[in-house]
Amino acid sequence: MQISLFSSVLWMLTIGLLTAAPIAKSDLTPVKKWIASQAGMKSLSADFVQTRTFRTLRDPLERQGHIWFQSPDAFRWELGSPPTQIVLRYEDEMALIEPKKKRAQRLDPATTAKQSGRPNLAMMEFPLATDFAEFEREFEILDIRIEGTHCTLNLLPRDPEARKMVRDIQLDFDSTSHHLLAFEITFRDGSSLRNAFSNTQINTPIDPNVFGYDLTGYTVRDADP
Amino acid sequence: MRILKPTALGLLLVLVVVGWTRISFNVDILKLLPDHLKQVQGLSLFLEHFSQPEELIVTLEAKDADEAASAALALAEELRHHPDLVASAVAAPPWENDPTSLADLVAYLLINQTPPDITALRDSLSPEKAPETVQDTLAVLAESFSPQEIATASYDPFGFSRLLFASGLAPEGIQSEFSSMDGKFRVLYVTSAHGLTNYKDAITWIAAIRALAQAWNADQGVTLGFTGEPAFVADISGTMEWDMMSSSFVTLFVIGLIFLLSYRRLKPLFQLVLMLVIVFFITLGLAGLFLRELTVIGVGFASIMIGLSVDYGYLIYHRSLDHVGSLRQLQTTCLKNIMWTAGTTSAAFFALNLSSLPGLSQLGNLVGIGVLVGAAVMLLLFAPLAFAGTFKAGSPKPSGLQRRIETPKFRRLGTILTIVLMLGLASVVVIRGLPEVDSSAKSLRPRQSEAYTAMDRLYARLSDDSAMLSLVISGTNEAQVRSRLEEAETLLQEAMDRGEADEFHTPLMLWPAPERQAENLQTLQSLTAAGPRLQQTLDKAGFTDEAFVLTDAVLQQWQAWSSKSLPLWPEGESSRWILRRVASHTANEDLALGVVRPHPGQEAALTEAISSDGIFLVSWEALGLELNRIVPREFIILITGLLGIVAVLLTIGFRSLRDVGVLLLTLGLVFVSLAGAMRLLGMTWNLFNLAAILLLLGTGIDYGILLLLALRKNGGDVAAAQSTFGLIIGLCSISAITGFASIGWANHQGLSSLGLTCALGLALDALISFFLLPVLWQLSRGRWPRFSD
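Every chain's residues receive numbers from 1 upward, in the order its sequence appears when written. By the order in which they are written, chains take letters starting at A while ligands take numbers starting at 1. Reporting of local features is limited, given that this is a predicted model, to residues whose pLDDT is at least 70; pairs of side-chain atoms are given and counted only at 80 or more, and all residues count toward the totals for whole chains, interfaces and linings.

**Considerations on the packing of helix H2 (residues 38-50) of chain B against helix H24 (residues 620-654) of chain B**
Residue and element names in this part refer to chain B. Orientation is described by lines fitted to C-alpha atoms, with helices fitted over the stretch in contact, and by angles between N-to-C directions that extend from 0 to 180 degrees. Numbered from the N terminus, helices here are DSSP runs of H or I no shorter than four residues, and strands are runs of E no shorter than two. Closest axis-to-axis distance for the H2/H24 pair is 9 Å, and the angle between their directions is 150 degrees. As the angle between them shows, H2 and H24 are arranged roughly antiparallel. When you trace H2 past H24, the crossing you get is left-handed. Each of Gln39, Val40 and Leu43 in H2 lies in contact with H24, whose residues at this interface are Ala622, Leu623 and Glu626. Partitioned by chemical class, the residues of the contact of H2 with H24 number four nonpolar, one polar and one charged. Geometric relationships in this document are graded by angle, where less than 35 degrees denotes roughly parallel, more than 145 denotes roughly antiparallel, 65 to 115 denotes roughly perpendicular, and other angles denote oblique. Should the near helix be turned counterclockwise from the far one by less than a right angle, the crossing is left-handed, whereas a clockwise turn marks it as right-handed. Two residues qualify as being in contact provided that their C-beta atoms, derived from the backbone, are within 7 Å of each other. Under the convention adopted here, Pro, Cys and the residues Ala, Val, Leu, Ile, Met, Phe, Trp and Tyr are nonpolar, Asp, Glu, Lys and Arg are charged, and Gly plus all remaining residues are polar.

**Let's talk about H2(B)**
The α-helix winds at 3.6 residues per turn, so residues separated by three or four positions along the chain end up facing the same way. Residue and element names in this part refer to chain B. Expected helix span is computed as 1.5 Å times (number of residues minus one). Spanning 13 residues, H2 covers 18 Å between terminal C-alpha atoms, matching the ideal 18 Å at 1.5 Å per step. Buried within H2 we find Gln39, Val40, Gly42, Leu43, Leu45, Phe46 and His49. On its buried face, H2 is in contact with strand E7 (469-475), strand E9 (583-585), strand E10 (590-598), strand E11 (615-618) and H24. Two residues or fewer after H2 comes glutamine 52, characterised by a positive phi angle close to 55 degrees. As a rule, residues whose C-beta atom has 12 or fewer other C-beta atoms within 10 Å are exposed, those with 20 or more are buried, and those in between are partly exposed; C-beta atoms are placed from the backbone.

**Description of the sheet that holds strand E4 (residues 185-192) of chain B**
Residue and element names in this part refer to chain B. For two strands to count as paired, DSSP must find a minimum of two bridges between them. If you walk across this open sheet you meet the four strands as E3-E4-E2-E5, and the pairing is antiparallel. Of all the strands in the sheet, just strand E3 (86-90) and strand E5 (223-227) have a single pairing partner and so form its edges. Neighbour-to-neighbour, the strand axes of the sheet open up by a mean angle of 20 degrees, direction not taken into account. Inspection of the sheet shows E3 paired to E4 by four bridges, in the antiparallel sense. Among the inter-strand pairings, serine 88 is bridged to a residue of E4, identified as threonine 191.

**As for the nonpolar core**
By definition, a nonpolar core groups buried Ala, Val, Leu, Ile, Met, Phe, Trp, Tyr and Cys residues that are joined through C-beta atoms within 7 Å. Counting residues in each nonpolar core, the largest one holds 240 residues, and the members touching the most others are B:Leu188, B:Met305 and B:Leu707. Per-element accounting of this core gives the leading share, 18 residues, to helix H28 (residues 749-780) of chain B. Throughout, the edges of the domains are those of an automatic or database domain assignment. Split by domain, this core shows at least three residues from each of two domains, domain 1 (52-93 + 176-227) and domain 2 (234-444 + 623-780) of chain B. What B:Met305 contacts, discounting residues up to four positions off in sequence, is B:Val279, B:Thr283, B:Leu366, B:Val367, B:Gly370, B:Val371 and B:Gly374. A:Met94, A:Leu107, A:Leu181 and A:Phe187 belong to the second largest nonpolar core, which has 34 residues in total.

**Comments concerning the packing of helix H6 (residues 130-143) of chain B against helix H20 (residues 531-540) of chain B**
Residue and element names in this part refer to chain B. Axis separation between H6 and H20 bottoms out at 10 Å; the angle between their running directions is 45 degrees. Considering the angle they form, H6 stands oblique to H20. Handedness of the H6/H20 crossing: right-handed. Across from Ala130, Pro131 and Val134 in H6, the residues of H20 making contact are Leu534, Thr537 and Leu538.

**Remarks on unusual backbone geometry**
Following A:Ser71, the chain continues to A:Pro72 via a peptide bond in cis, the omega torsion being 10 degrees. Counting through the fold element by element, A:Pro72 comes out in the loop between strand E2 (61-70) and strand E3 (74-79). For the peptide bond that leads from A:Ser81 to A:Pro82, omega is 0 degrees, which places it in the cis range. For A:Pro82, the location among the structural elements is in the loop between E3 and strand E4 (85-90). The phi dihedral of A:Asn199 is positive, around 55 degrees, even though this residue is not glycine. One non-glycine residue, B:Arg264, lies in the positive phi region at around 50 degrees. Relative to the helices and strands, B:Arg264 resides in the loop between helix H10 (229-263) and helix H11 (267-290). Overall, the presence of 12 C-beta atoms within 10 Å leaves B:Arg264 in the exposed class.

Read these as geometric descriptors, not functional statements.
Okay, here's the thing in structure tokens:
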């Protein structure tokens, strides 16, 4: 199993946008401010509900999850309650863990970045973009709408591999709390994935043990070459 | 006698016409190489079965990915509007818009699995287990991080197609045989509506497709390239025609020019040119009786043969100028010299048959026949014309060139300059060493080919597999190939354990296993009627009807196959597209194709270790290495043998070891000078120009023989000997050099290097034979050279 662009985009956006600065009513100034604000982020913790819809399923599928990030390169993303999928990174080590199946796969952050087709889009790359120009090189901004305190940004990745799969990326912000409310990726086949965030905490201390995991008794597979 | 002559001529004419109608061009460079070599056998199988002879690859490059993608689709659509030219134009995987078209491949892969796996699959779809299987799929859909796993599971909730992805057949990313990683480089596969039976068909068809594509591109501005097997055929055979015709005309033109300068007479010139044209037609016609196809090396024969055959014409004409006596006497006088020179020259060229390179053998046979035909035509047809012409016109005044050759100053200056040149070139060898040996397969390739350029670009932009070796496995039936595939996998795994290989991929998973197919189809029969139940299970779990399409198609395929004879192959369009590059099966032969990445520096050991009956590990680089291991050794044996034969013949002919020694020493000086000149000009030895040594032995020695005969005839009078043969040697060498040099611009690098090396060698040979041989001859008799009248 590979952590590919799909998940890379997803995590990157989560980490990047949970730290968003308020989006102004006009032009792209809010986005520029948000990019600039990332430099000050040291840690992040948030709950989320992930909703996936498919053309071949009548009803959406929902899972709860949590994300932690500690600057410069530690994070933990877990899905399910109790978690069924965990992606863990600490410094140069990275793993995909499936507690229910008692198995894990080591991942090479560098290779994972390459496999996404865009090294700077990989989830371990933070900050997302050093400046707005770089952000624009990565994404095409299609639309920005603001209704009350609710701000919606529509994007498309410029990477051809991602564009082949993704029809649209939508980000929802609250311009008062400066937090990301949700983001949604709609795929070419009509399926979609939406993460709605709550309980976002920025720059609060995180227990270092969060970024460790005991793999005793697990079947561990090495990273694919 | 009156009837015999026209009958013989008529018969010859018929044979020549029949020969001409049979002959064609063959651009396959493997036809130039020894077919007993494992690399040649494997590559021949590869090209024969996997090169797609009627598939043109059109490459398309744009500034951005979207533009490239839409342009590729638009061009494919445009080409499909011409069904008279195009059978298919494919710009995207056939299954991209219809994933269910892979259903037969999925069904096929499953029945090739081990029976316990298939029993487990059947059990997972039993009335008791099917709901649980579907719940597992829902968990994957809700939790997996893998986009591929999610996409697959949503359309294949029972997991039939997992094997397809495990086999690596379905690419994960955008990069594929249709697109580069960045999407800016796209590839179209265009198939001809009609069979391309010969190179002229290929040239015409490619030109038509190119015209359509370029007209379409007039308002698009993308960069187009054309490659693939028909493009190679069109490119190379087109230049072969040009190489043969242009080099022949240039040789004829230069010959005419120097004849005119030397003798200042037009009529004998036209007669001589006519004779050469006749020689060319007869030779190619006779060759056509036993050769069906001219190779890229064989086409070089025309100009070489013209350049050599004209020598006999020069000799006859020169002799006719001061001949006193009958025509028969003129012919008899010339016969002796012509027998010597034509004999040694044709022997040297026929000796190329002893080489294991069929390309060189063909060249040798063609030139050898040409030289003998040339000698006969000149003696039988040209001699009467020359005799009659000079009888009527009388002898012309000696030309300025002839007068100059006869002066002591010319001979002294020539000798000094030749010594200086030879010493200079010899010191280059001492200081910089012998010319290097080029062990790559470069000499097998054309110098310029748009098709090669486009293919190199395609390799660079898609996946560069130039370092990979192709694993070709052949057998008489599916079972034998499967058994060899299993053997190859074992050998390759052992090679990986030894560190000789880094990775390998074989099509074992795709290859039919008849016993498994029989058992698994039996096991799966109970499922073929379970469609409604399985659909109901999906419906209960919340899936739509769309989720059942693939499952239904696979079940139906198993049902359809239950009455078919084994072994089974998938036959859908998508399956055929995937299999065409990895499997080939005909009534008499089955082939499988895989790839192996050798560990750097271990290529030779790996190739040796994997070699087995019907198992070939091949690449062009490995071919180059194998050829360079075998061919130079062969040439050394051949050259040594020929040198021995020549020495014996000369000893018998001259009855003087001293004279033979002088001749061999002269040859030695020629070879040392050639090595120095090649080193100085940055030329290298390769598979083809090694034959130059052999040819110089046969043709270059003629100048020495002529001078030695003249020296003996004139009682050691150097001035008289050089005056007698100076002009002849000059004319002969210039025409032969022109013949060889004119193939120096041939598109085939091997042929070109052979032509240039021979031309250089002959030039040095003429100089050294003419100016230094008399010096050596005098020294051998204890006389110090003098340059008097």
